[in-house]
Amino acid sequence: CLGELVQVPQLAQRQPEHTFLDFEGEPNLKAWARATNDNTVQSALELERGGHDGKGQCLRMSMQNLAGWNTYASPILEGMFAQGHALLCFWAKGDPQTSQLSVEMNEADGSRWIAVVPLRTEWAYHVLTPDQFAYWPDSKTKDTRGRPGDRFNPVAANRIVMGLAQSHTTAVGGGPHTLWVDDF
């Protein structure tokens, strides 16, 4: 999405001008790294037919039980945001037990920025501004970033991390969860 100043009600109507992750073809999901507090809990990251438009593919993330956190980090993705673009636009949905999604953007300097979006059982379009991402202090840059006035810099983004974490997706309880994302 083009990163110009827009009023909040207008955000949901923004259409992406640049897609950096669409899950079409045969993306290498083995290059994605899982992070969890409990590796004994089964979890899967899979491509599934029928993206947000009923065509193509989307990414399906499932876990047997949430008891802490379970996320997946993309490989390094250069050029996620084109110069002058700052809005993160994507589609997402969750099963009836999965009402939130944590979206983390990592910058090249190692800083971590996290936003949480609500999920419905039907596909919904989300648009996040840089200001909606909060600095996460469990980061390499805890001594230099995250101070007042600092914010997520989309041009420096090089990785996206998605999933559930009881520290952020507080409306999501334990138990099994499934969510789908498409077209970032």
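Described in the following lines is the structure provided in the data block.

Rules and cut-offs
Residues numbered from 1 in each chain as written. Predicted model: local features only at pLDDT ≥ 70, side-chain atom pairs only at ≥ 80, totals over all residues. Heavy atoms only, no water. Helix = DSSP H or I, 4+ residues; strand = E, 2+ residues; numbered from the N terminus. Contact = heavy atoms within 4.5 Å. Pairing = 2+ DSSP bridges. Buried < 20%, exposed > 50% of the residue type's maximum accessible area, 1.4 Å probe, protein only. Polar contact = N/O pair within 3.5 Å; in protein donor to acceptor, adjacent residues only side chain to side chain. Phe/Tyr/Trp six-rings, centres within 6.5 Å; stacked < 30°, edge-to-face > 60°.

### A short note on the environment of V155
Piece 1. Summarising the element assignment, V155 is placed in the loop between β9 (134-135) and β10 (157-165).
Piece 2. Separated by 87 residues in the primary sequence, V155 and G68 place their C-alpha atoms 31 Å from one another.
Piece 3. Beyond its immediate stretch of four places on either side in the chain, V155 contacts F81 and Q83.

### Focus on the sheet that holds β9
Piece 1. With antiparallel pairing, the six strands of this open sheet are ordered in space as β1-β4-β10-β6-β7-β9. The sheet is open, and its two borders are formed by β1 (33-36) and β9, each paired with just one other strand.
Piece 2. With seven bridges connecting them, strand β6 (residues 100-107) and strand β7 (residues 112-118) associate as antiparallel partners. For V103, the partnering residue across the bridge sits in β7 and is A115.

### A short note on the side chain of S139
Piece 1. Position of S139 among the secondary structure elements: in the loop between β9 and β10.
Piece 2. Given the relative accessible area of 10%, S139 is considered buried.
Piece 3. Within polar-contact distance, the side chain of S139 engages the side chain of T141 at 3.0 Å.
Piece 4. Filtering out sequence-adjacent residues up to four positions away, S139 remains in contact with G110, S111 and R112.

### Some details on unusual backbone geometry
Piece 1. Even without being glycine, F23 reaches a positive phi, approximately 65 degrees.
Piece 2. Counting through the fold element by element, F23 comes out in the loop between α1 (8-11) and β1.
Piece 3. Phi at D183 is positive, roughly 50 degrees, even though this residue is not glycine.
Piece 4. On the secondary structure map, D183 appears in the segment after β11 (177-182).

### Let's talk about the pairing of strand β8 (residues 124-128)
Piece 1. In terms of residue burial, β8 counts as a mostly covered element, since five of its five residues are buried.
Piece 2. Residues A124, H126 and L128 of β8 are buried on one face, and the alternating residues Y125 and V127, pointing to the opposite face, are buried as well.
Piece 3. Across five bridges, the pairing between strand β5 (residues 88-94) and β8 is antiparallel. For A92, the partnering residue across the bridge sits in β8 and is A124.

### Some details on the packing of aromatic side chains
Piece 1. Scanning the model with the defined rule gives eight aromatic pairs in all.
Piece 2. For the ring pair F20 and F81, a centre distance of 6.0 Å and an interplane angle of 40 degrees mean the geometry is tilted. With F20 in the loop between α1 and β1 and F81 in the loop between β4 (69-73) and β5, this residue pair connects regions lying 61 residues apart in the sequence. Per residue, the accessibility class of F20 equals that of F81, and both read buried.
Piece 3. For the ring pair W113 and Y135, a centre distance of 5.1 Å and an interplane angle of 65 degrees mean the geometry is edge-to-face. Placement of W113 in strand β7 and of Y135 in strand β9 is noted, with a sequence separation of 22 residues between them. Of the two residues examined, W113 and Y135, each falls in the buried class.
Piece 4. Members of the aromatic cluster, connected to one another through ring pairs, are F20, F81, F90, F133, F152 and F184.

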